[in-house]
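So you can see what is in the structure, the chains are spelled out below.
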Amino acid sequence: FPSHDMQKYIQQALGRLSPDDVTMITLFYLKEQSLEEIGQVVGISAETAKVKLCRARKRLAEEMKTMLGKELHTLLN
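Residues numbered from 1 in each chain as written. Predicted model: local features only at pLDDT ≥ 70, side-chain atom pairs only at ≥ 80, totals over all residues. Heavy atoms only, no water.

**Considerations on the packing of helix 3 (residues 35-42) against helix 4 (residues 46-68)**
No. 1: Put simply, helix 3 and helix 4 touch, their axes get as near as 8 Å, and they point 95° apart. With respect to each other, helix 3 and helix 4 are oriented roughly perpendicular. In this structure, helix 3 contributes L35, E36, I38 and G39 to the contact, and helix 4 contributes A46, A49, K50 and L53.
No. 2: Residue composition of the contact of helix 3 with helix 4, by class: five nonpolar, one polar and two charged. (Axes fitted to C-alpha atoms, helices over the stretch in contact; angles between N-to-C directions. Helix = DSSP H or I, 4+ residues; strand = E, 2+ residues; numbered from the N terminus. Parallel < 35°, antiparallel > 145°, perpendicular 65-115°, else oblique. Contact = heavy atoms within 4.5 Å. Nonpolar A, V, L, I, M, F, W, Y, C, P; charged D, E, K, R; others polar.)

Rendered as structure tokens:
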């Protein structure tokens, strides 16, 4: 996929996640904040932020798999 298509799919997948998941992913990947910074912003510990981010990534991956099926597997391998 061209990168603009992938961005479109990621945005669609993010739209299917909870606001909490979107916040975690946005702060870590787009705002490039540390787990400690995320914890301060959201009002949780850095360890809790790490767990929430991990769960949010898994849910995002599941949404991407659902949307793209075998094409995602091919793209990542």
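**Section: the pattern of salt bridges**
No. 1: Tallying each qualifying case throughout the model produces four salt bridges.
No. 2: D20 is paired through a salt bridge with K52; the nearest N and O atoms lie 3.0 Å apart. Taken as a pair, D20 in helix 2 (residues 19-30) and K52 in helix 4 lie far apart in primary sequence, 32 residues in all.
No. 3: Note that D21 and R59 form a salt bridge whose closest N and O atoms lie 2.5 Å from each other. Of this pair, D21 sits in helix 2 while R59 sits in helix 4, and the two are 38 residues apart along the sequence. (Salt bridge = Lys/Arg side-chain N within 4 Å of Asp/Glu carboxyl O.)

**Things to note about the nonpolar core**
No. 1: In this structure, M24, I25, L60, M64 and L68 are the most contacted members of the largest nonpolar core, which totals 16 residues.
No. 2: If you list the elements that add at least two residues to this core, you get helix 1 (3-14), helix 2 and helix 4.
No. 3: Per-element tally for this core: the top contributor is helix 4, with seven residues.
No. 4: Leaving out residues up to four positions away in the same chain, I25 has contacts with L14, L17, L30, L53, A56, R57 and L60. (Core = buried A, V, L, I, M, F, W, Y, C linked by side-chain atoms within 4.5 Å. Buried < 20%, exposed > 50% of the residue type's maximum accessible area, 1.4 Å probe, protein only.)

**Topic: the environment of T48**
No. 1: In this fold, T48 is placed in helix 4.
No. 2: T48 gets classed as partly exposed once you look at its relative accessible area, which sits at 33%.
No. 3: Among the polar contacts listed, one links the side chain of T48 to the side chain of S45, at a separation of 2.9 Å. (Polar contact = N/O pair within 3.5 Å; in protein donor to acceptor, adjacent residues only side chain to side chain.)

**Points about helix 4**
No. 1: Taking 1.5 Å of rise per residue, the 23 residues of helix 4 would be expected to cover 33 Å, and the 32 Å separating its terminal C-alpha atoms lies within 8% of that figure.
No. 2: A49, L53, A56, L60, M64, M67 and L68 are the residues of helix 4 that are buried.
No. 3: Positive phi shows up at G69, right after helix 4, with a value of about 55°. (Expected span 1.5 Å × (residues − 1).)

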